[in-house]
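Report on the structure
Next come the chains, spelled out residue by residue.
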Amino acid sequence: MSHDRREAGFKRRTRVADALATLLDAAEPHGRTESAPLADADGRVVAERIDAPRPVPNYDRAAMDGYAVRAEDTFGASGRSPAVLRAVGTEADSIAPGEAARVHTGSAVPEGADAVVMIEEVEAVGDEVETFDAVAEGENVGEAGEDVADGQRLFEAGHPLRPSDLGLLQSVGLDAVPVYERPTVAVIPTGEELVQSDPGPGEVIETNGLTVSRLVERWGGTARYRDVVTDDEDALAAAIEDDLDADVVVTTGGSSVGERDLLPEVVDAVGEVLVHGVALKPGHPVCLGVADDTPVVSLPGYPVACIVNAAQFLRPLQKHVGGTTAAPFPTRRARLARKIPSEPGTRTFARVSLSADADEPDGDGTAGHPTATPTRASGSGILSSVALADGWVVVPEPREGIDAGEVVDVELWEASP
């Protein structure tokens, strides 16, 4: 990048979708796998297709408390004319014609039985039982494989595991699962003004590296949170090159076009800049590149801009490298309290807080909505506008703002891994 290009600023900005597609095209999933115990596999990404090694249940089981019988032995039974069967006890492995065995919900149905009479329809009399209900074959019986069939396909590679998935895998007899290794993300905060505590005049406490490294962990990666690197081309290049064994390198600060914004030049020197300047607000000076086949994301130094770009670019990149795709953020419908201004052609992320109570329902009978109040319409350096918000409203590129009173989707971006 030349000095003249720095002075020219951002005359052309790449759309968010195009910038992300360019970044993902330049990155490959790392492909490394390991076996994870089920107890430690929540949120991990399945590395190969998983089929059920056995059915669930793996035996016919009683769906009710009662007596296991042969259905044909109960035909014609009624309250006035019960069928009388010989009781064979609760531990019987099998029954013969004319016999009944006591069973409990979930217990195995004895061989020879094909139905269960509910306990309410049976009366025990000595070593016999009277059944007052005729049952059909299979009635009140859960067949083997009713929940999961033998060999049934459960999960494809790329599926992020949830707690309910782990229970399902354990039910089919697995105690470990093949998963992709967590992607490693090196987080390098930059800026000669940054300190860890007790800032003097002209100094700023380092927050971006901490925030981004914790987001990396929340999104399923392993973060290397590095020490601050000063604004020096050689030092910055060395820091990036030292971490090119990571799956992703992220820098914070120094990504714009000012005299101290050296990262785009440095990335171009050690690798290649793919995109510099995105039609996104706040945070258009993001720089996306690659060095030695390792994607490099240079996030802006203003805290809000840093977080917005991390959510838009680092999260999907990290998921992609780790063998899966980023799910959309969950949303909540809300009514906008004030107008959100935006620039046509730019995707705007407006931070909002949500009221605890819903407004009055609309006349069409739909439920009321909470109120979304912008915490700040501008100011990419105001960290509290994100920290004290519940989410953000995304204003798409074609729109010139959103009027007060409109019902919008609030992205709850911190609620999703």
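Everything here concerns the structure above.
Residues numbered from 1 in each chain as written. Predicted model: local features only at pLDDT ≥ 70, side-chain atom pairs only at ≥ 80, totals over all residues. Heavy atoms only, no water.

Within the protein, the regular secondary structure consists of eight helices and 26 strands. Here the C-alpha atoms of the protein give a radius of gyration of 31 Å, more than 25% beyond the 22 Å that 2.2 N^0.38 yields for 417 residues. When its C-alpha atoms are laid out on the principal axes, the protein stretches across 100 × 55 × 40 Å. Scored against the burial criterion, the 417 residues of the protein give a buried share of 44%. Considering only residue pairs separated by 6 or more positions, the protein has 73% of its internal contacts joining residues 24 or more positions apart. When the accessible area of the protein is evaluated, it comes to approximately 19,700 Å², of which 46% is carbon and sulfur surface. Averaging the positions of the 35 positive and the 73 negative side-chain charges in the protein gives two centres separated by 7 Å. (Helix = DSSP H or I, 4+ residues; strand = E, 2+ residues; numbered from the N terminus. Rg over C-alpha atoms; globule rule 2.2 N^0.38 Å. Buried < 20%, exposed > 50% of the residue type's maximum accessible area, 1.4 Å probe, protein only. Contact = heavy atoms within 4.5 Å. Areas by Shrake-Rupley, 256 points an atom, 1.4 Å probe, with all protein chains shown as cover. Lys, Arg positive; Asp, Glu negative; His and termini not counted. Charge placed at Lys NZ, Arg CZ, Asp CG, Glu CD.)

For the rest of this paragraph, the subject is the sheet that holds strand β21 (residues 294-299). In spatial order, the strands read β16-β13-β17-β21-β20-β18; together these six strands make up an open sheet with mixed pairing. What marks the edges here is a single partner per strand, and that holds for β16 (222-225) and β18 (272-276). Recorded for the sheet is a direction-independent mean angle of 20 degrees between the axes of neighbouring strands. In this structure, strand β13 (residues 184-189) lies alongside strand β17 (residues 248-252), joined through five bridges in parallel fashion. (Pairing = 2+ DSSP bridges. Axes fitted to C-alpha atoms, helices over the stretch in contact; angles between N-to-C directions.)

Soluble globular proteins tend to bury their nonpolar side chains together. By size, the foremost hydrophobic cluster in this structure holds 35 residues, and its most contacted members are V212, V250, V278, L288, L299, F313 and L314. Those elements that provide at least two residues to this core are α2 (16-25), β13, α4 (208-218), β17, β21 and α7 (303-321). Take this core: its biggest share by element is 10 residues, from α7. Each residue touching V212, except ones within four places of it in the same chain, is listed here: V187, V250, T252, L299, C306 and L314. Counting residues in hydrophobic clusters, the runner-up holds 18 residues, among them I188, V229, V266 and V273. (Core = buried A, V, L, I, M, F, W, Y, C linked by side-chain atoms within 4.5 Å.)

Moving on, we get to the packing of aromatic side chains. Scanning the entire structure with this criterion turns up two aromatic pairs. Seen in terms of ring centroids, F349 and W392 are 5.5 Å apart; in terms of plane orientation they differ by 75 degrees. Their pairing is edge-to-face. Of this pair, F349 sits in strand β23 (residues 347-358) while W392 sits in strand β25 (residues 391-395); the two residues are 43 residues apart in sequence, bridging distant segments of the chain. Taking relative accessible area as the criterion, W392 reaches 0% and is therefore assigned buried. (Phe/Tyr/Trp six-rings, centres within 6.5 Å; stacked < 30°, edge-to-face > 60°.)

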